[in-house]
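The chain contents come next:
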Amino acid sequence: MKLHTVEKIGGTSMSDYAAVRDNIILKNGGADREGVYQRIFVVSAYGGITDMLLEHKKSGRPGVFALFAGAEEERSWSEAVHGLRERMGEINAILFEDPALCKKANEFIGERLEDTERCLADLERLCQHGHFALEGHLDTVSEMLASLGETHSAWNTAQLLRQEGIEARFVDLTGWRDSDHLTLDERIERAFRDIDLARELPIVTGYAHTREGLMKTFARGYSEMTFSRIAVITGAREAIIHKEYHLSSADPRLVGENQAVPIGRTNYDVADQLANLGMEAIHPRAAKGLRQQEIPLRVMNTFEPEHRGTLVTGDYVSETPCVEIIAGRKNIYAVECFDQDMMGSMTAYDRVINEIIGRFKGSVVTKDTNANTITHFLANNLKTVKRIRSAICEQYPDCDIQVRKVAVVSAIGSDMKVPGMLSRAVAALAQSGISILAVHQSMRQVDMQFVVNENDYEVAVKSLHHALVEVYEHGDAICAA
């Protein structure tokens, strides 16, 4: 019988150790210490640390990796490492009241930072030789840097919990100084081979070193992949993600605290649609393993531990067809390619353009086509979009390519097969004076996407939520009919 859970703690939650300890680890004030075990915790880096290591997820401000890769200012990356060391030391000083333990924490992460700085300096010198190209090593550099954040938080958390009398065990999946290049599954199997979940509480790094490269494959979603594979390989009864917010019917900051409500149940289809909009309950590739093994996923709010959260399963369908969530994304670039010669050659054009977008790691939220036009809606920065546009122009010099900044707003639900729902959504946007630039609804009918001017984003979310979503507690759902 499956006894244990695998639980992932997000970066914002990790930054509040007291909440993690009291609301997640101990529960009920820690009165029942036996109830602490039969759980595995996969931790993210403290809030902001991965941004400092790589680059800021939203603003694009360069971290150590981006500075090293760009090399626009000689050794500017070294200054960033120094700033990172200072920030990690500040975090340690807050967490460890015991000076001896704080010193030990600083020495632990300091040794890794020194190793990292030596590696980067050596690589920089090596690549000054004409036979070595820096670009060929950047994937490895990003992997090494990413590992530091979760190593820092996992080691600290294990030490702090041991101070609380809990048999916490630091499980390092980063492969630091490990000469073996394993698959993700092999590394997890090796790490958990001798762990007794009845007596030990594993605190696991969200980053895992793998033969293929976790960052290369999953980018910033790597910790969710680690979490998912641990749940699958160890046979968890439930996978739980602790975030700083509920999975709600809309962003409370847009529609109001009293209007947005937590979603009690949904399915992995809905989770995939949210991930497509950058509002990940879980990375789609991570969800796949849980779905195949029929492991339910629960998304909980760290700061409201009494709430049961959102349960995500593969087979759930709402009792009454309805819209469950209004979600969206700003900072989307519409890349519209018009060519009279496209008529009759759509497949060839589509294939080439997709290859170009893939080459520049373009993130496609959605796309539309007609007889002579293909439009991709990309969630990338303007620099990447310009590169994509330039490459398409080189391939198709007669193609008229227009780039426009837009927003995508989506109505999502596990079952939205309700006649007239699309017309209600369109009417709601029209009544708010919003011009719809494009609209998409697939035959699967789990989401409707509306492309609007970026300035209309907030009003569009409010309008659709008001028209299609009623405030409800799951089980007594009032759905738009």
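Provided above is the structure to which this section pertains.
Note that the structure is a prediction, hence the values are computed from the model and not measured. (Residues numbered from 1 in each chain as written. Predicted model: local features only at pLDDT ≥ 70, side-chain atom pairs only at ≥ 80, totals over all residues. Heavy atoms only, no water.)

1. Considering the pairing of strand E12 (residues 400–412)
As defined by bridge partners, strand E9 (residues 325–338) adjoins E12 across 12 bridges and the pair is classed as antiparallel. Residue pairing across strands places glycine 328 opposite valine 409, the latter belonging to E12. The pairing of E12 with strand E14 (residues 447–453) spans 7 bridges and is classified as antiparallel. Counted as the bridge partner of valine 408 is valine 451 from E14. (Pairing = 2+ DSSP bridges. Helix = DSSP H or I, 4+ residues; strand = E, 2+ residues; numbered from the N terminus.)

2. Re the environment of alanine 133
Along the chain, alanine 133 turns up in the loop between helix H6 (99–126) and helix H7 (138–163). With relative accessibility at 45%, the residue alanine 133 sits in the partly exposed group. Alanine 133 sits 273 residues away from valine 406 along the chain, and the two C-alpha atoms are 37 Å apart. (Buried < 20%, exposed > 50% of the residue type's maximum accessible area, 1.4 Å probe, protein only.)

3. Some thoughts on the sheet that holds strand E10 (residues 364–369)
Pairing is antiparallel in the open sheet, where 6 strands are placed in the order E10-E11-E9-E12-E14-E13. At either end of the open sheet lies a strand with only one pairing partner, and these are E10 and strand E13 (436–441). Sheet twist, expressed as the mean angle between neighbouring strand axes with direction ignored, is 25°. Where E13 lies against E14, 5 bridges are found, and the strand directions are antiparallel. Directly across from histidine 440, in E14, lies its bridge partner glutamine 449. Across the sheet, helix H12 (residues 268–276) is in contact with E9, E10, E12 and E14; its angle to E9 comes to roughly 55°. Packing of helix H15 (residues 382–395) onto the sheet brings it into contact with E9, strand E11 (373–378) and E12, and relative to E12 it is tilted by some 130°. (Axes fitted to C-alpha atoms, helices over the stretch in contact; angles between N-to-C directions. Contact = heavy atoms within 4.5 Å.)

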